[in-house]
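Report on the structure
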Amino acid sequence: MACFTVYSPDQRVQLQVMEEGGKLFWQAKKEDVFLAEKSPLGMELEGCSLNEGFTVLDEVRGSIDESYSIAAFKKKVCRDRANTLTLTLKNGEGQLTVEARAYDDGVALRMKTDGRGDCRVLGEKTGFAIPETAGQVYGMKYVFSYEDHYHPIPRCDMAQNNLAFPVLVECGKGVWALYAEAAVFGDYGSSTLCAEKAAPMTLLVRQAPDQLGPTETRLPLATPWRVVLCGDLNDIAMSNTLENLNPPSIVEDPSFIRPGTSAWSWMTENDSTKDPVRCREYVDYAASMGFDYYLADGGWPGTVDIPELVKYAEERGVKIWIWEHSAAIRSPEIAEEKLKLWASWGVVGVKIDFFESDGAHRVKQYDYLAEIAAKHKLMVNFHGCMKPAGESRTW
């Protein structure tokens, strides 16, 4: 057995990657409290099993310490400070790189493969083993919209539910763990968690339930980061580790990203956004309240002259957001045409709704919508969408 340990900068958090009998495992602790016990690690590609029979070829250690900012974020300055471990492994079918990081408030690891050409991912063998001594586990049963509540999940129900990321675990001694994923993009897609009856305390990473076939992607390939945030609940809430694990921003000038308060009429008056007079009344209301925006939600196309509403609102110091169904912009070409047009009207933001999938095909849509919106200096509110995984740093 070979064991490789990487410690956080403050030496209180540790991540271990283990090769045992040719198979890979990992575990994490904060001081003497387990965050995740011995958990499997591996993946299956079509024609190439990267799950067992490994020998270690190389071990590289390093560190990261840098700062950056994100527009409209919970912190003015984010610090990315971690110690790193990179393992290169080989079996009879291919080569696998495991990247691991230890932060003061968590750990993260992901798998990478080299090569060129098309690739089909059949699934991961990676899991999160809930510590046997853990207290309550809180999770949300997976629904496409993510519009549900978190509940305590009894041990006997672990293998009966497909759970959404993230999952919160009470580890003991005031330490909590949040099982999450980071850097979720369309080349791989998002995942869920589900235990097997034989091992109900190990939550296994599974591809989106509506994605019935393999993930179609290309080499070189990197999985999303599998993450455990840790500390007390405030530490977890204020962490920017998920953002650290995402690529730097592509937005050269983020000055157009301005958070604010918006008047919104659809919830109580569904037909209000079809009525130009009522829309102007809500603009007047926003102005009287000192709100920054009015959101013309579903219903405005064909009934409300948005350029006229933008002009009316500007005269009163209010900016306009508009709504669109994701199904109406399911290609980069259509999205480019529409977002360019809306930007020319003077609209400042777009609420895009009803994604209802975590599959790689739908996550690709998030990618191009965010990129096109940034190009035209439009803010975006993804609604009816998957959970955030730190991508706000990039977009």
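Everything numeric in this text was worked out from a predicted model, so none of it was measured.

Calculation rules
- Residues numbered from 1 in each chain as written.
- Predicted model: local features only at pLDDT ≥ 70, side-chain atom pairs only at ≥ 80, totals over all residues.
- Heavy atoms only, no water.
- Helix = DSSP H or I, 4+ residues; strand = E, 2+ residues; numbered from the N terminus.
- Rg over C-alpha atoms; globule rule 2.2 N^0.38 Å.
- Buried < 20%, exposed > 50% of the residue type's maximum accessible area, 1.4 Å probe, protein only.
- Contact = heavy atoms within 4.5 Å.
- Areas by Shrake-Rupley, 256 points an atom, 1.4 Å probe, with all protein chains shown as cover.
- Lys, Arg positive; Asp, Glu negative; His and termini not counted.
- Charge placed at Lys NZ, Arg CZ, Asp CG, Glu CD.
- Pairing = 2+ DSSP bridges.
- Right-handed = clockwise from strand over helix to strand, strands pointing away.
- Salt bridge = Lys/Arg side-chain N within 4 Å of Asp/Glu carboxyl O.
- Expected span 1.5 Å × (residues − 1).
- Core = buried A, V, L, I, M, F, W, Y, C linked by side-chain atoms within 4.5 Å.
- Arc of directions from axis to C-beta.
- Polar contact = N/O pair within 3.5 Å; in protein donor to acceptor, adjacent residues only side chain to side chain.
- Patch = residues over 30% accessible without salt bridge, like charges linked within 9 Å, V, L, I, M, F, W, Y side chains within 5 Å.
- Axes fitted to C-alpha atoms, helices over the stretch in contact; angles between N-to-C directions.
- Parallel < 35°, antiparallel > 145°, perpendicular 65-115°, else oblique.
- Left-handed = near helix turned anticlockwise from the far one by under 90°.

Before going further, it helps to spend a moment on the overall build of the protein chain. In terms of helices and strands, the protein chain carries six helices and 25 strands. Against the 2.2 N^0.38 benchmark of 21 Å for 395 residues, the protein chain shows a C-alpha radius of gyration of 23 Å, consistent with a compact globule. C-alpha extents for the protein chain along the principal axes are approximately 70 × 50 × 40 Å. Looking at the 395 residues of the protein chain, the share that counts as buried comes to 52%. In the protein chain, 69% of the contacts between residues at least 6 apart in sequence involve partners at least 24 apart. Summed over its atoms, the accessible surface of the protein chain is roughly 17600 Å², and 51% of this surface lies on carbon and sulfur atoms. One finds the centroid of the 42 positive side-chain charges in the protein chain at a distance of 2 Å from the centroid of its 57 negative side-chain charges.

Here the focus is the pairing of strand 25 (residues 379–382). Direction of pairing for strand 24 (residues 349–353) relative to strand 25: parallel, over a ladder of four bridges. For Val-350, the partnering residue across the bridge sits in strand 25 and is Val-380. Handedness of the β-α-β unit built from strand 24, helix 6 (residues 360–375) and strand 25 comes out right-handed.

This brings us to the pattern of salt bridges. Counted according to the given criterion, the structure contains 25 salt bridges. In this structure, Arg-218 and Asp-118 form a salt bridge, with 2.6 Å as the shortest nitrogen-oxygen distance. Of this pair, Arg-218 sits in strand 19 (residues 215–222) while Asp-118 sits in strand 10 (residues 106–124); the two residues are 100 residues apart in sequence, bridging distant segments of the chain. By relative accessible area, Asp-118 is classed as exposed at 64%. Here Lys-338 and Glu-324 are joined by a salt bridge, their closest N and O atoms 3.0 Å apart. Taken together, the residues Lys-338 in helix 5 (residues 332–345) and Glu-324 in strand 23 (residues 319–325) connect sequence positions 14 residues apart.

This brings us to helix 6. An ideal rise of 1.5 Å per residue puts 22 Å on 16 residues; helix 6 measures up with 23 Å between its terminal C-alpha atoms. Of all 16 residues in helix 6, 12 are buried; the element is thus mostly enclosed. Residues of helix 6 that are buried make contact with strand 19, helix 5, strand 24 and strand 25. Lys-377 lies just past helix 6 and shows a positive phi near 55 degrees.

Of all eight residues making up strand 16 (residues 175–182), eight are buried, and the element is well covered by its neighbours. Sheet topology note: the strand 15 (residues 167–172)/strand 16 ladder contains five bridges and is antiparallel. Bridging across to strand 16, Glu-170 finds its partner in Trp-176. With antiparallel pairing between neighbouring strands as the criterion, strand 15 and strand 16 make up a hairpin whose turn holds two residues, including Lys-173 at a positive phi of roughly 55 degrees.

Among the nonpolar cores identified, the biggest contains 53 residues, and Trp-26, Met-43, Ile-130, Val-169, Tyr-179 and Leu-203 are the most heavily contacted of them. The element contributing the most residues to this core is strand 10, with five residues. With 42 residues, the next largest nonpolar core counts Ala-335, Val-350, Ile-352 and Ile-372 among its residues.

The subject of this paragraph is helix 4 (residues 306–314). Three or more residues of helix 4 are buried, namely Ile-306, Leu-309, Val-310, Tyr-312 and Ala-313. Looking straight down helix 4, one finds its buried side chains confined to an arc of 165 degrees; they lie on one side. Capping of helix 4 at its N-terminal end is provided by Asp-305; its side-chain oxygen lies 3.1 Å from the backbone amide nitrogen of Glu-308.

Here we take up a nonpolar patch on the surface. A surface patch of nonpolar side chains, about 320 Å² in accessible area, is lined by Trp-264, Trp-266 and Met-267. With respect to the helices and strands, Trp-264 occurs in strand 21 (residues 262–264).

This next bit is on the packing of helix 5 against helix 6. Helices that pack against each other are described as a pair by the angle of their axes relative to one another and the distance between those axes. As a packed pair, helix 5 and helix 6 sit with axes 10 Å apart at the nearest point and diverge in direction by 30 degrees. In terms of axis orientation, helix 5 runs roughly parallel to helix 6. Like other packed secondary-structure pairs, helix 5 and helix 6 cross with a definite hand, here right-handed. Contacts from Pro-332, Ala-335, Glu-336 and Leu-339 in helix 5 reach Tyr-368, Leu-369, Ile-372, Ala-373 and Lys-375 in helix 6.

As a further point, take the environment of Gln-211. With respect to the helices and strands, the residue Gln-211 is situated in the loop between strand 18 (199–207) and strand 19. Assessed through its relative accessible area of 11%, Gln-211 is described here as buried. Separated by 18 residues in the primary sequence, Gln-211 and Leu-229 place their C-alpha atoms 27 Å from one another. With residues near it in sequence (within four places) discarded, Gln-211 still touches Gly-359 and Ala-360. Within the structure, the side chain of Gln-211 is placed 2.7 Å from the side chain of Thr-215, a separation counted as a polar contact.

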